[in-house]
Each structure stands twice: as C-alpha cells, then as structure tokens.
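A closer look at the structure
Letter by letter, the chains look like this.
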Amino acid sequence: MDSLRELYQEVILDHGKNPRNFTTPDNATNKALGNNPLCGDQLTVYLKVDSGFVEDVSFIGHGCAISIASASMMTEFIKGKSEDEIKQIFNKFHEMCTDEGIDKGSIEELEKLQVLSGVREYPTRVKCATLPWHTLLAALAGEKEVTTE
Amino acid sequence: MMSLRTDKDEKYTFNVDNVRKDFPIFKESMNGQPLVFLDTAASAQKPNQVIDSITEIYKTEYANVHRGLYKISETLTAKYEGVREIISDYINAEHTSEIIFTRNATESINLVARSFGKSFLKENDEIILSELEHHANIVPWQMLREEIGVIIKIAPINDEGEFIIDEFEKLLCNRTKLVAISHMSNVLGSILPVKEITRLSQAVGAKVLIDGCQAITHLPVDVQKIGCDFYVFSGHKLYGPSGVGVLYAREELLEMMPPFMGGGDMISAVTFEESTWAKIPHKFEAGTPAIVQVIGLGVAIEYLKSLGLEDIRKYEKTILDYATQKLLDIEGLRLIGTAEDKASVLSFTLDFAHPHDVATIIDGAGVAVRAGHHCAQPLMNRMNVAATVRASLGLYNTEEDIDRLVSSLHNVSEIFN
Ligand SMILES: Cc1ncc(COP(=O)(O)O)c(C=O)c1O
C-alpha cells in the first residue's frame, strides 16, 4: 500500500479530479492529439506560441488519474516558458519517470512535478505520466498526432 | 472455500480445492499476497498435468514429427496426431482431418481470410461481423477489403450486449458471402446465438466462421450442431500451452482451399517445375509444428474431461452469479455487459476511478485483472466507455477470490473518495 500511496498522492488525486486548464481554446496556434493505444487514453494539447514562448496552454481528453493529473500539472508548469526550456524540462521529467538511480537533487527544478516520480515503481504506468509531455512536444514540433508505444 | 457442492436440482460434484492443487501458480504470491487470478479470458493458467507432460516429452520422447523413421519420432507423431482426434471429439467434428493446427486463433482467422477469402470472395461481396468482435476478427477482414474490395457490414448489439438477431437478419442478402462472429464476447461475456446465426446465414448462401476463443473454455461446443463452416480457438485459453491454435473447417471447404503457407510437411511432391500439396489437414500445416504444445493441449482437454465438463460449467456459473451479486453491491460500480445469456466475464467501471488506476491499486492486493479496451475498441465505442476493468473466471476461481476482489475495490474507493 505504501508505494500506492506514494503514487496516488493527494495532489495527484486532486489534479486528476479537477484538472486545471481543461478547455478547448479558440486561439491556439498549435495542437496535437496524444494516444496511448495500450489503454485508449487520449489527450489533445493546445498551445498558443508566440516568438518561441508558450503563452497559453490547455488540454482536453480522457484518461486515468495519472495521465490527467500529469497533463494538468504540466499545463501549469510550462505556461510562459520558452520552447528550449520546455524541451529540457521534458528530458528531466522523462528521466525522473524512468531512471531508478536518479539523483534527487537533479530533479529539484521540476518542483511540484516531482510528485509524479512514484510511477517509476510501476513500469506499466510510466506512459500515463509521459503521454501529455509527448503530446506537448508533438504540438510544439507542429505534428498533429503522437502515439506512445 | 467450497468443496463438493451439491445443489438440490443440479447435482454435481466439483472439488475446487483439489483442482487448485493441480495449478502450481496458486502457490505463488503477487506483491506479497496470495495470487487472485481473474484474467483467464486473456490466458488461462496451466495444470501440472500439462506442465509435466511437456517436460516429460522434452526429457524422454522428443523428436520431430512426420519425418523420422525411428521409434521415438513415430511415437511422438502418433501422440501429435492423436490430439487431432481429441479435439475433433471435443468439438464434435465429423472428420479428424477437419482439425488444423495453427499458432493461435488469430492465425486461424488469417488463414481463412487469406486462403478461403482471397480465393472465393470477390469485389463487392459482403462480410458481416458483429459489434462485439475482437480485433483478431476485424483486422484480417479489413486487410482482405484492402486487397480485393469486399464490403464489411456490422451487426449491432443492444445496450445489454446481446446480439440483435432481427437486425442481423436485415443485413443478410444474396451478396453476403461470409459471416464471421464470436461465440462468446471476451469483454461482455455475452453468448451469441450461433446456431441461429449460422442457419440464417447459410440460407442466403453465406459461409460462417465462429470465433470460439472464449466459448471453448466455458461452453459445450458442437460444430455439427451449430452447423458452422469454420470454428477457431486458441489453446492457451483452454488451460493448454501458448503457441497452438485450432482451425476447424468443413472437409469440402478445406479440399477446395489453397494452402496458406508453403514449405515442408505440406507437400506431396516437389520439383522445381511444380509442387503438389499434401492431403488435408497437412496441406495447411507447413513446417515443423508446435509439436509439444499440441500434445500439451491434448492433455489439457483430457484433464478437463476428467473433471467433468458439465460440472465445470455449473461450478463456474455459481461463481459468476456470486461475483455479479457482490459487484453490484458496490456503490458507483456499473457492469458493462448484462446479457441474459452470459458466462465467466465481468466487465465494469467505477464512477470514481479509471480502470487503469483500479487495476494498479488492486494489483497491490494480489488481484490480477485486466483493464483497457481488451482488443475490442469498436465495442468500447458502442458501449460508450473508453476502457473497462475486466475480471474473468476460470475453473479454479472461488468465492474467496471474489471476496478478495471486492475488498480490494474498497481500497480503491478509500484512495479515491
Ligand atoms: C474473442 C477472441 N477472439 C480472438 C482472440 C485472439 O486470440 P489469440 O491472441 O490467442 O490469437 C481472443 C483473445 O484475446 C479473444 O478473446
């Protein structure tokens, strides 16, 4: 039960139930659809990008508590950041979700997102946490759709 | 736990405690808890009888089949061919040569699509599937459509997950050349009226393929009574090894159909100018088959027969009824698939947690279920759900397993509410 409590922390449950920035905007410049074919989770991420900065971000879709919470927290975290910064954050986030031996200090910059590190103990759930991020990168790259395999 | 249950009007004896002793997996634990295995619809656990027979063959009897002119090869060939008889008897085929060994049900369906479909169907011929098919009984037909331009029509189900025979009948016409339909849904547990479907289809001249992947484990199957042209299933869901599947097809069809793959074992004579095919069934079994797995499947069927097929079914029904009752008592739980005629599968959603979160949390309590779309995405769309939790039963499940499932679902509720 301990690692489960670690995975399903209050913050995650809260974002899972009441996702932030959960809307379809009408002024998006970029958007991408993310699919997890294994479980059928689907998210669309919308961005308003201006001179290399993500001015606004939102998402809609359906999925498990982990993927919805991850998406919700992601939108809060990246708003106002530059594309380059976002790519670096993605790499760190990905490392945090997959690398068992990761040094805690090195992910401090992920701040609140660190609550998602519990997925490391659940290999089948890592993709739930990373799906929104893959979708985000796809949207930034101007791709319409991305699938996690 | 229950043993030697006897009902007033349905007398049977089935000792689940003894049966569980035959399945060594139940000595194992999962996440520190005794394993509660509720995923038989994906693949069944194996009894010692099957496991030991496999080990024994490799240790003392192994050789290739149909080739060696020496004792152990002959003995093993006889055992391998003997399984054709066991299966033929199990599904009541008219001839042993109507049983073709494949890798799995998926390959069996692809064999029919490639061999029968490509040779005997043509552009604008119609194939009818149902809304509840597994991807294995959808994709091969879409591939055939790509290749030769057949038309695929979909027979609907109702909200309970029951096949609507009247709607199906409206789709039938003289362009219908094949009806490919499940005997039992892997998601909803619904049992389809395959005999009636076959009768109606054949009346317009269509051939009928039944996907028996789930039915073979839980229902009596009599291909002659059903009257179908093709019947497919996988050995691994029938307590046998993975790597072997079965295609039953009526003899006259197999005679007409061209081989699916070429190579050794399926020929009668080969020159560089031409080759002639072996007789059925071997025409469809190119290359060294899954020798030991086939024999293991034979052992699995003999094992089930020794327990009493009718008794197994009655016992499973008591567990299904018990589980249905217990699950419906959980607040916020919705059963997906409430057909009157159903067996051994319980799909559900909880209004407070996503199926994947449910599966992860109850895995922590040692309970193995499946969550997701169960390789039936069109059916998920039909039932308006993205995913379900699926608990599926085998002959080794007990009321205690169901109680453990229910209490683990209360853990989920504790975390989420
Ligand atoms: C109804 C049904 N059809 C087809 C299949 C495919 O079986 P296999 O993967 O063994 O070929 C399955 C198993 O998942 C099934 O439940």
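**Details of the overall build of chain A**
Scanning chain A from N- to C-terminus turns up 5 helices and 4 strands. Along chain A, from the amino end to the carboxyl end, the secondary structure elements read α-α-β-β-β-α-α-α-β. Viewed in the frame of its principal axes, chain A has a C-alpha envelope of about 45 × 30 × 25 Å. For chain A, the proportion of its 149 residues judged to be buried stands at 48%. Residue pairs in contact within chain A that sit at least 24 positions apart in sequence constitute 60% of those at least 6 positions apart. About 6,900 Å² of surface is accessible on chain A, with carbon and sulfur atoms providing 46% of the total. Put simply, chain A has 15 plus and 24 minus side-chain charges, and the middle of one group is 4 Å from the middle of the other.

**Looking at the pairing of strand 2 (residues 41-50) of chain A**
Regular strands place their side chains on alternate faces of the sheet. Residue and element names in this part refer to chain A. When you tally the buried positions in strand 2, you get 7 out of 10 residues, the bulk of the element. Bridging between strand 1 (residues 30-36) and strand 2 involves 7 bridges; their strand directions are antiparallel. Counterpart to Asn 36 in the pairing with strand 2 is Asp 41. What sits between the antiparallel neighbours strand 1 and strand 2 is a turn of 4 residues, in which Gly 40 has the positive phi angle 85°. Here strand 2 runs beside strand 3 (residues 53-62); their pairing, made up of 9 bridges, is antiparallel. Within the sheet, the bridge partner assigned to Tyr 46 lies in strand 3 and is Ser 58. The hairpin turn running from strand 2 into strand 3, its antiparallel successor, is 2 residues long, and Ser 51 in that turn takes a positive phi close to 40°.

**Points about the pattern of salt bridges**
All names here are of chain B. In this structure the tally under the stated criterion is 27 salt bridges over all chains. Arg 390 serves as the salt-bridge partner of Asp 39, at 3.3 Å between the closest nitrogen and oxygen. Residue Asp 39 is located in the loop between strand 3 (36-37) and helix 2 (48-61), and its partner Arg 390 is located in strand 17 (residues 388-392); the two are separated by 351 residues in the primary sequence. Among the residues examined, Arg 390 registers a relative accessible area of 0% and is labelled buried. Arg 67 is paired through a salt bridge with Asp 265; the nearest N and O atoms lie 3.4 Å apart.

**Points about the site of the ligand**
Residue and element names in this part refer to chain B. Taken together, the neighbourhood of the ligand is formed by Asn 104, Ala 105, Thr 106, His 134, Ala 136, Asn 186, Asp 211, Cys 213, Gln 214, Ser 234, His 236 and Lys 237. Within the side chain of His 134, an N or O atom sits 3.1 Å from an oxygen atom of the ligand. Between the ligand and Asp 211, the relevant distance is 2.5 Å, taken from a nitrogen atom to a side-chain nitrogen or oxygen of the residue. For the ligand, whose accessible area on its own is 390 Å², the fraction buried by protein is 88%. In terms of residue class, the shell around the ligand is built from 3 nonpolar, 7 polar and 2 charged.

About the criteria used
- Here the residue index of a chain counts from 1 through its sequence in written order.
- Working convention: letters from A go to chains and numbers from 1 go to ligands, in the order in which they are written.
- Local features in this predicted model are restricted to residues whose pLDDT is 70 or higher, and side-chain atom pairs enter the listing and the counts only when it is 80 or higher, whereas totals over whole chains, interfaces and linings include all residues.
- To get the side-chain values, all heavy atoms of the structure are used, and hydrogens and water are removed first.
- Helical segments are the DSSP runs of H or I of at least four residues, strand segments are the runs of E of at least two, and each set is numbered from the N terminus.
- Between buried and exposed lies partly exposed: a residue is buried under 20% and exposed over 50% of the maximum accessible area for its type, with that area taken using a 1.4 Å probe on protein chains only.
- The contact criterion used is simple: two residues touch if any of their non-hydrogen atoms lie within 4.5 Å.
- Values of accessible area rely on a 1.4 Å probe in the Shrake-Rupley scheme; residue burial ignores everything except the protein chains shown.
- By the counting rule applied here, Lys and Arg register as positive and Asp and Glu as negative, while His and the ends of each chain are not counted.
- Here the site of a charge means atom NZ of a Lys, CZ of an Arg, CG of an Asp or CD of a Glu.
- Only when DSSP finds a minimum of two bridges between them are two strands counted as paired.
- Salt bridges are defined by distance alone: a side-chain nitrogen of Lys or Arg within 4 Å of a carboxyl oxygen of Asp or Glu.
- Neighbouring residues are identified by heavy atoms, a residue being near a molecule or strand if any of them is within 4 Å of it.
- Pairing of N or O atoms within 3.5 Å defines a polar contact, subject to two protein rules: one partner must be a possible hydrogen donor and the other a possible acceptor, and residues neighboring in sequence count only if both atoms are side-chain atoms.
- Residue type decides the class: Asp, Glu, Lys and Arg count as charged, Ala, Val, Leu, Ile, Met, Phe, Trp, Tyr, Cys and Pro as nonpolar, and the leftover types, Gly among them, as polar.

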